[in-house]
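Structural overview for review
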Amino acid sequence: MAALGAGAIAGYLVHRDRRKRFEIALEGRLRTEKFISELSVSLINVSADQIDQEVIRALERIQSVMSIEHCVLFTYSLRAEALVITHEADDPPRPPLSQINGSKFPWVLSHLTEKGTVRLNDTSQDLPLDALAERAACIELGVRSALIIPLRMTDAEVRGVAYATTRDARQWSDDLASSLQLIGDVLLSSLSAKQAETALRHTETSMTLAAESAMLGFWRWYPDENRSWLTDQARAIYGFEKDTRGTHADYLKRIHPEDRAAALTRFARAIKVDENFEHEYRLLFPDDDIRWVVVRARLVRKPNGRLQEIVGVSIDVTKDREQELRMHRQHEEMARLGRVAVLGEMTASLAHELNQPLTAIVTNASAARRFMNRDNPDPEMMNDLLQDITTAGQRAGEIIRGIRSMVKPGGAGREALDVNSLISEVLSLMKTDIMAKSSSVDLDLAPQLPQVHAIAVQVQQVLMNLLMNALEAMQHLPATSRRLTVSSSSPSGEAVHISVRDLGTGLPTDVPTRRLFDQFFSTKPDGMGMGLAIARSIVEGHGGTLEASDHPEGGAKFTIILPVRKFAPPSSRPA
């Protein structure tokens, strides 16, 4: 009986002791949960600019309530391998952990990133033998035990919380470690939320500033409620007071009457086909002031497909359109000045090019009068003179029509030309001039040349100009030596070359070759300096080039290079 009584008493005492420990543990857990709850509540309404100080105060409370000397939040950068203590309770009697760096804890940081929580109940016993840096650091800082918990891990960094004791070693039980991790999560979540709030506020401020600088006005329209929300900038664009809450119709009235129908049609189509809306139109204000805006909008629909709202932005582009208008006026003025310049060039061209046929007309008419005064005039000779006068008159008309075609759009009058035939026609027209200059012409024409696409009278005009220059360049030579050569070729098949070579003194040596084609530059005492300039302009207008060079055997050589006519391939579509 005594033994049974002793056993019962012993069992009771064990049970009471277990219950006591359970009650103590429960009381500690409830106290911890209450502390965490109060901590969470205290951080909810803290403003973003005060969150850092509030977190530090929370760490100080953890020190007091949990009897932990060091409580810190840290960030470890994986790429830079840098440890930064972001928040630490301020307690001057103890050395701050913020003065340490990652190089003192290589084993801890490696374990943290690879395996997770580091739990050191007694740093003198729990640290492995190869953790030499940690052993030295713990002795230096007086750390007896430590609990380091990773809270957030990414590819770039680890954010966590660390607890350390310096007076006594601490047993970091599972329950305690779980509670301390929860406390760290609360602190970090509050920091992250406030940081996100601050970043959002900064972004909104930046966007507002950028929107105002770019004259952007944001707005929303709710069709079911027939109401709108606008930013101040949007109200300013549409010319409404700051607190105005207008209907959709109020804003439609601002659209210029001439643009309203097109804007409404475009808007209705966007709603019908469910696409984004973009349109540009003018706004007309009561004082007749006009403003240009570009509107972009996106449709937002409810789950049932009904239109919920339209979100958009209006951009004031008035300055851009006014600048475009000024540039358009400048272009018109430049075009007018260009027409004046063309008129001047046409006048000079007419004076230069008509000189030859008019001279031929006057010369032949004078010769005809002399033949008429003879006793027995030769009818055949008279007929030839009259024919030459007729040809020169027709030539003058062709020159005038050719110069007029130079200023017509679209290359009026262009046709497929056979270069050799064109050369023959020009030599026939200049027969009298060649005879008058006591000169002769040698031809070196390549057979079966590809055709060029050009205005015949203009190419004739260029060729005649080169021939006249060649004839004049040989006037100092004896008549028997005045020979010029006209040749044609197509070396590559991509262009046709027409060359005129004389036996004169060649190009001037004291003047760059390019200057020969400048307007009003001439090597002749009585020259106008327009012939070669006009010739180059005509050739370049046909997509070709006009070149000048000295011939190796003497004299000068001018070459017209015209691109070969390109024929479009036949259409593959059925007739």
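Bear in mind that the values here come from a model prediction, so they are computed numbers and not experimental data. (Residues numbered from 1 in each chain as written. Predicted model: local features only at pLDDT ≥ 70, side-chain atom pairs only at ≥ 80, totals over all residues. Heavy atoms only, no water.)

This part covers unusual backbone geometry. Not every positive phi belongs to a glycine, and serine 67 is a case in point at roughly 55°. Note on placement: serine 67 falls in the loop between helix 2 (51-66) and strand 1 (70-77). According to the relative accessible area criterion, serine 67 is partly exposed, its value standing at 44%. Not every positive phi belongs to a glycine, and serine 438 is a case in point at roughly 50°. The partly exposed category is assigned to serine 438, whose relative accessible area is 36%. (Helix = DSSP H or I, 4+ residues; strand = E, 2+ residues; numbered from the N terminus. Buried < 20%, exposed > 50% of the residue type's maximum accessible area, 1.4 Å probe, protein only.)

All right, on to the packing of aromatic side chains then. Scanning the entire structure with this criterion turns up two aromatic pairs. Centre to centre, the rings of tryptophan 221 and phenylalanine 267 are 6.1 Å apart; their planes meet at 45°, and the pair counts as tilted. Taken together, the residues tryptophan 221 in strand 6 (residues 216-222) and phenylalanine 267 in helix 9 (residues 257-273) connect sequence positions 46 residues apart. Assigned by exposure class, tryptophan 221 and phenylalanine 267 land together as buried. Ring centres 5.3 Å apart and planes at 90° place the aromatic pair phenylalanine 267 and phenylalanine 277 in the edge-to-face group. (Phe/Tyr/Trp six-rings, centres within 6.5 Å; stacked < 30°, edge-to-face > 60°.)

Here the focus is the confidence of the model for the protein. Across the protein, the average pLDDT comes to 77, with 75% of residues at or above 70. Within the protein, helix 1 (residues 2-44) has the poorest average pLDDT of any element, 61, and strand 15 (residues 495-501) the best, 93. Residue range residues 525-529 is modelled with pLDDT below 50. Its contacts to residues more than four positions away, or to other chains, number ten contacts. Segment residues 567-575 is flagged for pLDDT under 50; beyond a separation of four residues in sequence, or across chains, it makes one contact in the model. (pLDDT = per-residue confidence, 0-100. Contact = heavy atoms within 4.5 Å.)

To continue, consider helix 5 (residues 132-141). Among all positions in helix 5, only Glu134, Ala137, Cys138 and Leu141 are buried. Projection of helix 5 onto a plane perpendicular to its axis shows the buried side chains occupying an angular sector of 100°, all on one side. Seen from the open side of helix 5, the exposed residues pointing more than 90 degrees away from its buried face are Leu132, Ile139 and Glu140. Of the residues one or two after helix 5, glycine 142 is the one with positive phi, at around 75°. (Arc of directions from axis to C-beta.)

Let us now look at the pairing of strand 6. Where strand 6 lies against strand 10 (residues 307-316), six bridges are found, and the strand directions are antiparallel. Residue pairing for strand 10: glycine 217 is matched across the bridge by serine 314. Relative to strand 7 (residues 227-230), strand 6 runs antiparallel, the two sharing four bridges. When the sheet's bridge partners are listed, arginine 220 is paired in strand 7 with tryptophan 229. Here strand 6 folds back onto strand 7 in antiparallel fashion, the turn holding four residues, of which asparagine 226 has a positive phi close to 50°. (Pairing = 2+ DSSP bridges.)

Glancing now at the sheet that holds strand 5 (residues 157-165). Taken together, the five strands give an open sheet; going across it, the order is 2-1-5-4-3, and neighbouring strands pair in antiparallel fashion. Among the strands making up the open sheet, the edge pair consists of strand 2 (82-88) and strand 3 (118-120). The mean angle between the axes of side-by-side strands here comes to 20°, regardless of whether they run parallel or antiparallel. Sheet topology note: the strand 3/strand 4 (residues 145-153) ladder contains three bridges and is antiparallel. Bridged to leucine 120 within strand 4 is alanine 146. The sheet contacts of helix 3 (residues 106-114) involve strand 1, strand 2, strand 3, strand 4 and strand 5, and relative to strand 4 the element is tilted by about 45°. (Axes fitted to C-alpha atoms, helices over the stretch in contact; angles between N-to-C directions.)

Time to look at the sheet that holds strand 9 (residues 290-301). Read across the sheet, five strands follow the order 7-6-10-9-8 without closing on themselves; strand pairing throughout is antiparallel. Only two strands of the sheet have a single neighbouring strand rather than two, namely strand 7 and strand 8 (277-284). Averaged over all neighbouring strand pairs, the angle between strand axes comes to 25°, with direction disregarded. Sheet strands in contact with helix 9 are strand 6, strand 8, strand 9 and strand 10, and its direction is about 160° off that of strand 8.

Residues Asp287, Asp288, Asp289 and Glu322 make up a contiguous surface patch of negative charge. As for its position among the elements, aspartate 287 is in the loop between strand 8 and strand 9. For aspartate 287, a relative accessible area of 59% puts it in the exposed group. (Patch = residues over 30% accessible without salt bridge, like charges linked within 9 Å, V, L, I, M, F, W, Y side chains within 5 Å. Areas by Shrake-Rupley, 256 points an atom, 1.4 Å probe, with all protein chains shown as cover. Salt bridge = Lys/Arg side-chain N within 4 Å of Asp/Glu carboxyl O. Lys, Arg positive; Asp, Glu negative; His and termini not counted. Charge placed at Lys NZ, Arg CZ, Asp CG, Glu CD.)

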